[in-house]
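Take a look at the letters that make up each chain.
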Amino acid sequence: MTKDQKYTDVAAQIMAVTDGEQNIIARMATISCLLSEAFADFFWTGFYLVDDNKPEELVIGPYQGSLGCLRIPFGRGVCGMAAATGQTQLVDNVHNFPGHIACDSRSVSEIVVPVFDAGGMLIAVLDIDSEKPANFDKTDKIHLEKIIRLFARCTSHPD
Ligand code: SME
């Protein structure tokens, strides 16, 4: 099965399982689990949440994989860059990325996709790491951004 087909299948699965579920932690946990199960080369798959109590800081959310760092300031590392810029980050080798936060030195390539709520507010980032260099490309970016857009459609910022 091609990567494209795998993403199409997993997106359908995510939509079916999370349909009608409003709780964002439940939705994020389910997405982390299904993506991680679908792709054997995803070493770490999960979310960092924007911390409502600490401006410009991410805090660990639902994930699958080895122990993740608990907090990441906006602008630091790949996740912090995605949060600060609101743009997806694709990194072939994190060891060459300035300010990279090495939660686990086995991570080599990464993709980080910002997550916005229905009102366009940044609420989290989706971080996926691989032990393989350059594991992520345009196909991952297109599909993951689509999965995250569908996710956000049913999400409003908790206030
Ligand atoms: N890769 C991230 C840190 C988090 S972990 O890898 C789980 C980064 O540099 O932003």
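Predicted, not measured: the structure shown is a model, and the values here were computed from it.

The rules behind the values
- Residues numbered from 1 in each chain as written.
- Predicted model: local features only at pLDDT ≥ 70, side-chain atom pairs only at ≥ 80, totals over all residues.
- Heavy atoms only, no water.
- Buried < 20%, exposed > 50% of the residue type's maximum accessible area, 1.4 Å probe, protein only.
- Helix = DSSP H or I, 4+ residues; strand = E, 2+ residues; numbered from the N terminus.
- Pairing = 2+ DSSP bridges.
- Lys, Arg positive; Asp, Glu negative; His and termini not counted.
- Salt bridge = Lys/Arg side-chain N within 4 Å of Asp/Glu carboxyl O.
- Near = heavy atom within 4 Å.
- Areas by Shrake-Rupley, 256 points an atom, 1.4 Å probe, with all protein chains shown as cover.
- Nonpolar A, V, L, I, M, F, W, Y, C, P; charged D, E, K, R; others polar.
- Expected span 1.5 Å × (residues − 1).
- Disulfide = S-S within 2.5 Å.
- Axes fitted to C-alpha atoms, helices over the stretch in contact; angles between N-to-C directions.
- Contact = heavy atoms within 4.5 Å.

Draft legend 1. Representation of the pairing of strand E6 (residues 122-130) within the structure. The buried fraction of E6 is high, at nine of nine residues. With six bridges joining them, strand E1 (residues 44-50) and E6 adopt antiparallel strand pairing. Paired with Phe47 across the bridge in E6 is Leu126. With eight bridges connecting them, strand E5 (residues 109-116) and E6 associate as antiparallel partners. Opposite Pro114, over in E6, you have Val125 as the bridge partner. Count of turn residues in the E5/E6 antiparallel hairpin: five residues, of which Gly120 carries a positive phi of about 85°.

Draft legend 2. Focus on the side chain of Glu110. Within the secondary structure, Glu110 is located in strand E5. Of the side chains bearing the opposite charge, Arg76 lies closest to the buried Glu110, which forms no salt bridge; the N-O distance is 11 Å.

Draft legend 3. Structural context of the site of the ligand. Close to the ligand lie Trp44, Tyr48, Ile72, Gly77, Val78, Cys79, His100, Ile101, Cys103, Glu110, Asp127 and Asp129, which account for all nearby residues. Coverage of the ligand by the protein chains reaches 98% of its 300 Å² of free accessible surface. In terms of residue count, helix H3 (residues 77-85) provides more of the shell around the ligand than any other element does, three residues in total. By residue class, the composition of the shell around the ligand is seven nonpolar, two polar and three charged.

Draft legend 4. Structural detail: helix H2 (residues 24-38). The end-to-end C-alpha separation of H2 is 21 Å, in line with the 21 Å expected for 15 residues at 1.5 Å each. All buried positions along H2 are accounted for by Ile24, Arg27, Met28, Ile31, Ser32, Leu34, Leu35 and Ser36.

Draft legend 5. Broad picture of the state of the cysteines. As enumerated under the stated definition, the model contains one disulfide in all. Across the disulfide from Cys69 sits Cys103; the S-S distance is 2.0 Å. Sign of the S-S torsion, about -125° for the bond between Cys69 and Cys103, identifies this disulfide as left-handed. In this pair, Cys69 is assigned in the loop between strand E2 (57-64) and strand E3 (71-73) and Cys103 in the loop between strand E4 (89-91) and E5, connecting sequence segments 34 residues apart. Left unpaired, Cys79 is separated from the closest cysteine sulfur, that of Cys103, by 7.6 Å.

Draft legend 6. Layout of the sheet that holds E2. With antiparallel pairing, the six strands of this open sheet are ordered in space as E3-E2-E1-E6-E5-E4. Of all strands in the sheet, those bounded by a partner on one side alone are E3 and E4. The average undirected angle you get between the axes of adjacent strands in this sheet is 25°. Lying over the sheet, H2 contacts E1, E2 and E6, oriented at roughly 160° with respect to E1.

Draft legend 7. Inspection of the pattern of salt bridges at higher detail. With the rule as written, the count across this model stands at seven salt bridges. Notably, a salt bridge pairs Lys3 with Asp137, separated by 3.3 Å at the nearest N-O pair. Here Asp137 lies in the loop between E6 and helix H4 (138-153) and Lys3 lies in helix H1 (residues 3-18), a separation of 134 residues in the sequence. Arg71 serves as the salt-bridge partner of Glu57, at 2.9 Å between the closest nitrogen and oxygen. Residue Glu57 is found in strand E2, and its partner Arg71 is found in strand E3; the two are separated by 14 residues along the sequence. Exposure remark for Glu57: the relative accessible area of 16% places this residue in the buried category. One connected set of salt bridges, linked through shared partners, spans Lys3, Asp137 and Asp140.

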